[in-house]
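Here's the letter readout for the chains.
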Amino acid sequence: YSICGFEDRGLFDTGSSDSVTLFSQAAGNRQVKKAMVRGTLRTGRGSEGVSAGGAGEETDLARFELEGMKIGAVDLGRQAGTLRQVPPSLLGLGILDSYRVTLDYPGGRILFEPREGPARGRVHPGYALRDTGGRVQVVQLYKGSAAAKAGLKLQDEVVEVDGKPVADAPEPCATVRWLAEARPAETAQTLTVLRDGKRVRLNVSGR
């Protein structure tokens, strides 16, 4: 991939829900910094994600909008980006909102076909949820978000989403699939969290 003249190698990672996740050293390049859309940077704290080694440690987080990123000759247009502390940079499932992606393994190519309709235009809610051994917890939280202003905290255990219980499912992977496929954080109006044995209901939508 290239960004305004800066070139590097990356990985297409179906385990990443973001469109673009830049290795922090790549993001520190002067050309790449210029490609970040002014006024879109949001910072926070939390885990960057989960790998075969388990959940990452709590660290500083950043989200931004990026222009000028190309895969070969294909200009990806404006995309949402995040940072990670370890290489390589990633192209994730969020890119499927804008493109049909074909992996040509025999030819060693990745092909991008723009979708006819507009992208779904997801808006990041300012926090992220993850199943952590049978509990749904807040694993990312961004400053200035409606959720942070409502009092949501990192490591909060979420027991209800919009009044519906987050119950233990009989199938081990059901909650993980629900979080990944339904993406309840993107649409939730309220979260009920468990703190000191008490249930606290928070309006995380800002409305």
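Right above here is the structure, for reference.
First things first, this report covers the structure right here in the doc. (Residues numbered from 1 in each chain as written. Predicted model: local features only at pLDDT ≥ 70, side-chain atom pairs only at ≥ 80, totals over all residues. Heavy atoms only, no water.)

What follows is about the nonpolar core. Counting 19 residues, the largest nonpolar core has Tyr1, Ile3, Leu22, Leu66, Met69 and Leu76 as its most contacted members. Contributing elements (two or more residues each) for this core: strand 4 (20-23), helix 1 (24-27), helix 2 (30-35), strand 8 (58-66) and strand 9 (69-71). At three residues, the largest contribution of residues to this core is made by strand 4. Apart from residues lying up to four places away in sequence, leucine 22 is in contact with Tyr1, Ile3, Ala27, Val32, Phe64, Leu66, Thr82, Leu83, Arg84 and Ser89. Counting 16 residues, the second-largest nonpolar core is a separate cluster that includes Tyr127, Leu152, Val158 and Val161. (Core = buried A, V, L, I, M, F, W, Y, C linked by side-chain atoms within 4.5 Å. Buried < 20%, exposed > 50% of the residue type's maximum accessible area, 1.4 Å probe, protein only. Helix = DSSP H or I, 4+ residues; strand = E, 2+ residues; numbered from the N terminus. Contact = heavy atoms within 4.5 Å.)

The strand order across the open sheet built from four strands is 2-1-9-10, with neighbouring strands paired in antiparallel fashion. The open sheet has two edge strands, strand 2 (6-7) and strand 10 (74-75), and neither has a second partner. Direction of pairing for strand 9 relative to strand 10: antiparallel, over a ladder of two bridges. Along strand 10, the bridge assignment pairs lysine 70 with aspartate 75. (Pairing = 2+ DSSP bridges.)

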